[in-house]
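Overview (structure and organization)
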Amino acid sequence: MDIMTSWRTKWKVKLLTVWLTFAAVGCSSTQQRDEGAADDEYIVVTSVAILPVPSKSVASTKQELILTKLSEAITKRYKIPAMTGLSLGLSVWGSLVSDSAAVAETFSQTLTEARDAHKRLVFGKALRLLKEARDLLPRCGSEIKSSEQLRDVFLYTGMILVTLEQVTEAEAAFRQLASLDNEFRPSLDLMRPEQSEAFERARRQLLSANPSQLEIVSWPEGGTVFLDGREIGKTPIPALPLHFGQHFIRIELAGHAPFLMNLGDKAPPASIKAWLFPVWPGEDPPEDLFEEFTEGEDFSDDALAQLQTVASTYKVDAVLLAKFSLKGKEIQLTTRLFFSNSERFVREDTFNLGRKIKTHNIRINQMVKVFKEFKKKPKKKPKVKPKIKPKPEPKPKPKPKPKPKPKPKPKPKPKIKPEPKPKPKPKPKKKKKKKRKKLTVEEPPQID
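So, here is what we can say about the structure in this document. Since we're looking at a predicted model, the values are computed, not measured.

Turning to the nonpolar core, a few remarks are in order. A general feature of soluble globular proteins is that nonpolar side chains tend to end up buried together. Counting 34 residues, the largest nonpolar core has F107, L137, C140, L155, F174 and L177 as the members making the most contacts within it. Those elements that provide at least two residues to this core are α4 (100–119), α5 (123–140), α6 (147–163), α7 (167–180) and α8 (193–207). Not counting the four nearest positions on each side in its chain, L137 is found in contact with F107, I144, L150, F154, F248 and N262.

Time to look at the sheet that holds strand β3 (residues 212–219). If you walk across this open sheet you meet the three strands as β6-β3-β9, and the pairing is mixed. This sheet does not close on itself; its edge strands, each paired only once, are β6 (237–242) and β9 (271–275). Neighbouring strand axes in the sheet, compared pairwise and without regard to direction, differ in orientation by 30 degrees on average. Where β3 lies against β9, five bridges are found, and the strand directions are parallel. Each bridged residue has a counterpart across the sheet, and for W219 the counterpart in β9 is W275.

Attention shifts here to the pairing of strand β11 (residues 330–339). Burial analysis of β11 places nine of its ten residues in the buried class, which makes it a mostly covered element. Sheet topology places strand β10 (residues 318–327) next to β11; ten bridges connect them, and they run antiparallel. What sits directly across from L326, in β11, is I331. Following β10, the chain reverses through two residues before pairing antiparallel with β11; G328 in that reversal takes a positive phi of roughly 70 degrees. Pairing geometry for β11 and strand β12 (residues 344–345), over two bridges, is antiparallel. Of the residues in β12, the one forming a bridge with F339 is R344. Linking β11 back to β12 in an antiparallel pair, the connection comprises four residues, with E343 at a positive phi of about 50 degrees.

So, how was this worked out
- Within every chain, residues take consecutive numbers counted from 1 along the sequence as written.
- Whole-chain, interface and lining totals are the exception, using all residues; otherwise, since this is a predicted model, local features are given only for residues with pLDDT of at least 70 and side-chain atom pairs are given and counted only at 80 or more.
- Heavy atoms from the whole structure form the basis of all side-chain values; hydrogens and water molecules are not counted.
- Within this scheme, the nonpolar core is defined by two criteria: the residues are buried Ala, Val, Leu, Ile, Met, Phe, Trp, Tyr or Cys, and they are joined through side-chain atoms within 4.5 Å.
- Only protein chains enter the accessibility calculation, which uses a 1.4 Å probe; a residue whose area is less than 20% of its type maximum is buried, one above 50% is exposed, and one in between is partly exposed.
- Helix and strand definitions follow DSSP, with helices as H or I runs of at least four residues and strands as E runs of at least two, each counted in order from the N terminus.
- Every residue pair with non-hydrogen atoms within 4.5 Å of one another is taken to be in contact.
- We treat two strands as partners when DSSP finds at least two bridges between them.
- Between the N-to-C directions of two axes lies an angle of 0 to 180 degrees, each axis being a line fitted to C-alpha atoms and, for a helix, fitted only over the stretch in contact.

This is the structure we're talking about:
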């Protein structure tokens, strides 16, 4: 009996351990399935807005280039449209994202002081003030609606440089002046003869080259275009002649944020495609969203509501917040992705873009691979099998109709061969009549 009881207890222990192991495996596999199902629940993203957060540490021209490249990289990789640009930031943040209006006022004051110094023949001070005004143009040139102010910066600079016998630098300033306004001719009372000669040489040199033809398109159409402080017309503009030099473009449309663009000293592009975004619907910009993202805090309910307003205003499924900063001389880009339908965030990431434009392009293509959420699709719902209905009793098949007997085909009539035509009898040949020889009577010989 002792042997039997010990044997039974051993088997019970073995069975218990086997049952516990199976139970443990079953619980762990169920948990893994639940986690996997939760991870697969994604929302399809059909469009995204890359919203730049206000930052003055990086120049606006560099921000515009990087945002454009980022938009192109996302569109190319994930096949979804990505709207962006400083005009988008201007439509949401207003004065927070751009201080161009305040800089334009500073430019106007500096230019007034430079004119006054030129009148008093204080050329050193006037030249210094004019340089300060030129340095402000990349930040406020598109805001200036007076072509006279833009012209005077380069007009007074050229005249002072000619007086100081720096003719090469003076002609460069006069070429820029002629590029801003091809038909401008200064009055003789303002310029001395040597200054007029330098201006004419520079003007002829600039106008000797053919101008580029610039196309300007906007969505929506009908925006008023200002070029270098002068109103040109309304979009679309198929061909606008533009000479080499620095130019400033502004496009305005009621109810939309203005589109601002500064063209540098390089050759102008073939076309400009401006996206005019509607202005933020609230009276004040979304400051809660700006402060909480800048300080790295979790978004409050007010900031979430502002993000939802951004998504609904611009009709996108996702909003990618992007903030520029500097680490030494290298540009850094901090991003955070928000999905409007599920109110879900992706963690905050910071990318080092480097110093040069070439490294920017390479690293942007690498950083775009991080946004894998754009690639994922929602989990397909399992197909529900329909309930099996009882099969109806088959209807009795109708008796097949007897096939009609085929009609006998009529026998073909025998073809009657036509009787051969009798051959015509050959005509008898006419016998040729023999010609009779005429009898000739010989005369008797005469006898002497």
